[in-house]
Amino acid sequence: MATHFRSYIWDPVLIVCQIVLMQCIYYSFLGLWLAGVDSLVQTSRSLDQIFSYQALGFATVQGRLSMMAFILNSLTCALGLWFFIRRGKQCLDFTVTVHFFHMIGCWIYNAHLPAALSWWLVNIACMALMAVIGEYLCMRTELRAIPVNTGPKSNL
């Protein structure tokens, strides 16, 4: 049986592990970006910055910096898609899954769906950035030229 470059067999364990990994990347790097933002403005860290939709807003400096942290996190997660998922076709799927679980987490944390327009705008923009940049990086890797052996040829 010939070996294939990529296995197309449906592997649910691999998919679940990749979802868990991308969720861990999302929250750990979001925490790091928010910690960096908090050190700039000398504010205390809280789970509200991650899960409360009131924390994201255009009215306050802290809200704008939190939105910047979310956007920077989408760029970091795009690198995670490129490094761990490595399939351009799956970048949108994993991006929507990560943000869907984040929405569920915000729903549970706030006891209702996020109602602020700024929360929806930031998350849609982050979803678009993460998917497009992740897909671009994966496609560049997938379309890279395959090196062919350039050794001497024997004349037969």
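Before reading further, recall that the structure is shown in the block above.
For clarity, every value in this text was computed on a predicted model and none was experimentally measured. (Residues numbered from 1 in each chain as written. Predicted model: local features only at pLDDT ≥ 70, side-chain atom pairs only at ≥ 80, totals over all residues. Heavy atoms only, no water.)

(A) Focus on the packing of helix α1 (residues 12–41) against helix α4 (residues 91–110). At their nearest, the axes of α1 and α4 sit 10 Å apart, and the two run at 60° to each other. Classified by the angle their axes make, α1 and α4 are oblique. For α1 against α4, the interelement crossing comes out right-handed. Here I15, Q18, I19, M22, Q23, Y26 and Y27 of α1 lie close against α4, whose contacting residues are F94, T97, V98, H99, F101 and H102. The residue inventory of the contact of α1 with α4, partitioned by class, reads eight nonpolar, five polar and no charged. (Axes fitted to C-alpha atoms, helices over the stretch in contact; angles between N-to-C directions. Helix = DSSP H or I, 4+ residues; strand = E, 2+ residues; numbered from the N terminus. Parallel < 35°, antiparallel > 145°, perpendicular 65-115°, else oblique. Left-handed = near helix turned anticlockwise from the far one by under 90°. Contact = heavy atoms within 4.5 Å. Nonpolar A, V, L, I, M, F, W, Y, C, P; charged D, E, K, R; others polar.)

(B) Representation of the environment of Q90 within the structure. Inspection of the secondary structure assignment puts Q90 in the loop between α3 (61–85) and α4. According to the relative accessible area criterion, Q90 is partly exposed, its value standing at 29%. (Buried < 20%, exposed > 50% of the residue type's maximum accessible area, 1.4 Å probe, protein only.)

(C) Quick peek at the environment of I15. Structurally, the position occupied by I15 is in helix α1. Take I15: its relative accessible area is 29%, and that puts it in the partly exposed class. Taking C-alpha positions, I15 is 9.5 Å from I85, a pair spaced 70 residues apart along the chain. Setting aside residues up to four positions removed in sequence, I15 forms contacts with W10 and F94.

(D) Inspection of the packing of α1 against α3 at higher detail. Taken N-terminus to C-terminus, the directions of α1 and α3 make an angle of 145°; their axes are 8 Å apart at the nearest point. At the point where α1 passes α3, the crossing takes the right-handed sense. Residues that form the contact of α1 with α3 fall into these classes: 20 nonpolar, six polar and one charged.

(E) A look at α4. Taking 1.5 Å per residue, 20 residues should reach 28 Å; α4 reaches 28 Å between its end C-alpha atoms and fits that length. Burial in α4 covers these residues: C91, F94, T95, V98, H99, H102, M103, G105, C106 and N110. Downstream of α4 by a residue or two, A111 has a phi angle that is positive, lying close to 70°. (Expected span 1.5 Å × (residues − 1).)

Shape descriptors only; they carry no functional weight alone.
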